[in-house]
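The residues making up each chain are set out below.
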Amino acid sequence: MTTTAVNLADYIREIPDFPKPGINFKDVTPLLADGDAFAAAISQMACFVESGVDAVVGIESRGFIFGAALAQQMGVGFVPVRKPGKLPGRVHAIEYELEYGMDVLEIHRDALAAGHRAVIVDDLLATGGTAASTVQLVRRLGAEISSCVFLIELDFLQGREKLQDVPVHSMIHYAG
Ligand code: AMP
């Protein structure tokens, strides 16, 4: 199957009220389980990556799956942004607000050098807090953001408003 023949949205399973009531969870595991669909997703994401980027930054945990595959396809390195206490070296940390409570993300201080250009990747853009915090972490290292690339965007949550100074690309959109 050619990558353009694959409709990626067909491979996303919606699970109502997971992990809590009111959340319509977008499950990417059917897409990952299908070799053609997974390859098509990575090829489509790669179309939006500028040439000359130095690294792909993936956000724990599903951002690791898409980010690492994209890094391989682009021939560049992969940098993980992780939940607190997971990275063994010296880190920068950022605390950000969730719907209920706070969360923290960390990046290794030596993960990127000043002037490096990075693409930030996650499976899904919802309210934008996770991606906006990752943008700040990457900038703290002196690196630049080429773009943010997501498999899925929940348009109705307007997450891209938190990413106004970065190009944002999503392969699948949900209007509501
Ligand atoms: P946000 O910070 O609100 O943009 O949330 C984005 C993060 O939460 C991503 O890492 C997603 O994997 C996860 N996420 C948020 N909402 C959903 C959803 N409806 N289905 C699956 N994952 C979600």
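The structure displayed is predicted, hence computed values, not measured ones.

Here is what the cut-offs are and how they apply
- Every residue gets a number counted from 1 within its own chain, in the order that chain's sequence is written.
- Reporting of local features is limited, given that this is a predicted model, to residues whose pLDDT is at least 70; pairs of side-chain atoms are given and counted only at 80 or more, and all residues count toward the totals for whole chains, interfaces and linings.
- Excluded from the side-chain calculations are hydrogens and water; all other atoms, namely the structure's heavy atoms, are used.
- The secondary structure listing takes helices from DSSP runs of H or I that are at least 4 residues long and strands from runs of E that are at least 2 residues long, numbered from the N terminus.
- Throughout, exposure labels follow a simple rule: accessible area from a 1.4 Å probe, protein chains only, divided by the maximum for the residue type, with under 20% read as buried, over 50% as exposed, and the rest as partly exposed.
- DSSP calls a pair of strands paired once it identifies at least 2 bridges connecting them.
- A crossover counts as right-handed when, viewed with the strands pointing away from the observer, the path leading from the first strand over the helix to the second turns clockwise.
- Any Lys or Arg side-chain nitrogen found within 4 Å of a carboxyl oxygen on Asp or Glu counts as a salt bridge.

Draft legend 1. Fine view of the overall build of the protein chain. Broken down by element type, the protein chain carries 4 helices and 9 strands. In sequence order, the secondary structure elements of the protein chain are arranged as β-β-α-α-β-α-β-β-β-β-α-β-β. For the C-alpha atoms alone, the extent of the protein chain along its principal axes is close to 40 × 40 × 30 Å. Here the protein chain, with 176 residues, has 42% of them falling under the buried criterion.

Draft legend 2. Structural view of the pairing of strand β8 (residues 144-154). Counting buried residues along β8, 10 of its 11 residues qualify, which places the element largely inside the surrounding structure. Judged from the 8 bridges that link them, strand β7 (residues 117-125) and β8 form a sheet pairing that is parallel. Each bridged residue has a counterpart across the sheet, and for alanine 118 the counterpart in β8 is isoleucine 145. Traced from β7 through helix α4 (residues 129-140) to β8, the parallel crossover comes out right-handed. Two strands pair when backbone bridges link them, and β8 and strand β9 (residues 168-174) are joined in this way by 6 bridges, in the parallel orientation. Following the sheet pairing, cysteine 148 is matched in β9 by valine 168.

Draft legend 3. A look at the pattern of salt bridges. As enumerated under the stated definition, the model contains 8 salt bridges in all. Taking the shortest distance from any N to any O, the salt bridge between arginine 117 and glutamate 50 comes out at 2.7 Å. Of this pair, arginine 117 sits in strand β7 while glutamate 50 sits in the loop between α2 (35-46) and β3 (55-59), placing them 67 residues apart in sequence. Given a relative accessible area of 39%, glutamate 50 falls into the partly exposed group. A salt bridge links arginine 82 to glutamate 60; its shortest N-O distance comes to 3.0 Å.

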